[in-house]
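Descriptive analysis of the structure
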Amino acid sequence: MGKQTTGTFRPSTDDLVANNESFAQAFADHGLSLGPKRHLAVVACMDSRMDIFEMLGLAHGDAHIIRNAGGVITNDVIRSLVVSQRLLDTREIILIHHTNCGLEGLVEGALLDEIVEDCGIKPWWSLESFKDPYSDVRQSIGRILHSPFIKYKDHVRGFVYDVETGRLTEVDPDPRHFSDAARH
Ligand SMILES: [Zn+2]
């Protein structure tokens, strides 16, 4: 997060559109159903190092993947989960946050001041920074369990992905158990 140099920036879109031409020529995913085959929704951080399908061994058509900065349960994630469950028949939710997140340890005050100075208006959303990814997953599980709009809550599990090992560690959802955060 924060200011990064854009000195070497060159837009990628043209390259990606060319890549898609090859992709479409080899395309073999015809006829997949609209509703995810595993009846699963994954809510994950947008981090570019995480390929959710690959890390979980998912096939195309298996799951909804809902992503934002941090994998935070915002109103719009709730909206997506409502569509996922009520219209497209998902019954299970997996949350994936990760180590070395851009939001981890972010001091929000300076960034908020910068935004207000640039835009002249205070954001009506929260940056949702956090100190520990394990307790942040616990927060997210709690928001899902407390949401009146989420119909199916029997299968909600949360994990932290280690960007250096590729391994998932499950988070104990009980807020009284902070030992897993201390172990990592
Ligand atoms: Zn992240």
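Higher on the page you've got the structure.
If you're wondering where the values come from, they're calculated on a predicted model, not measured in any experiment. (Residues numbered from 1 in each chain as written. Predicted model: local features only at pLDDT ≥ 70, side-chain atom pairs only at ≥ 80, totals over all residues.)

On to the nonpolar core, then. Ranked by internal contacts, the top residues of the largest apolar core, which has 26 residues, are V42, V43, L95, I96 and F159. Broken down by secondary-structure element, the contributors of at least two residues to this core are β1 (40-45), β2 (63-68), α3 (75-87), β3 (92-98), α5 (133-146) and β4 (156-161). Of all the elements, β1 adds the most residues to this core, at five residues. For I96, the contacting residues outside a window of four places in its chain are V42, A44, C45, I52, G71, F159 and Y161. (Core = buried A, V, L, I, M, F, W, Y, C linked by C-beta atoms within 7 Å. Buried ≥ 20, exposed ≤ 12 C-beta atoms within 10 Å, placed from the backbone. Helix = DSSP H or I, 4+ residues; strand = E, 2+ residues; numbered from the N terminus. Contact = placed C-beta atoms within 7 Å.)

Here we come to unusual backbone geometry. The phi torsion of most residues other than glycine is negative, and most of the peptide bonds are trans. The phi angle at H39 is positive, at roughly 50°, despite the residue not being glycine. Along the chain, the position of H39 falls in the loop between α1 (13-25) and β1. Judged by the 18 C-beta atoms lying within 10 Å of it, H39 falls in the partly exposed class.

Turning to helix α4 (residues 108-119), a few remarks are in order. The end-to-end C-alpha separation of α4 is 16 Å, in line with the 16 Å expected for 12 residues at 1.5 Å each. Little of α4 is tucked away, with zero of its 12 residues classed as buried. Residue G120 follows α4 closely and has a positive phi angle near 75°. (Expected span 1.5 Å × (residues − 1).)

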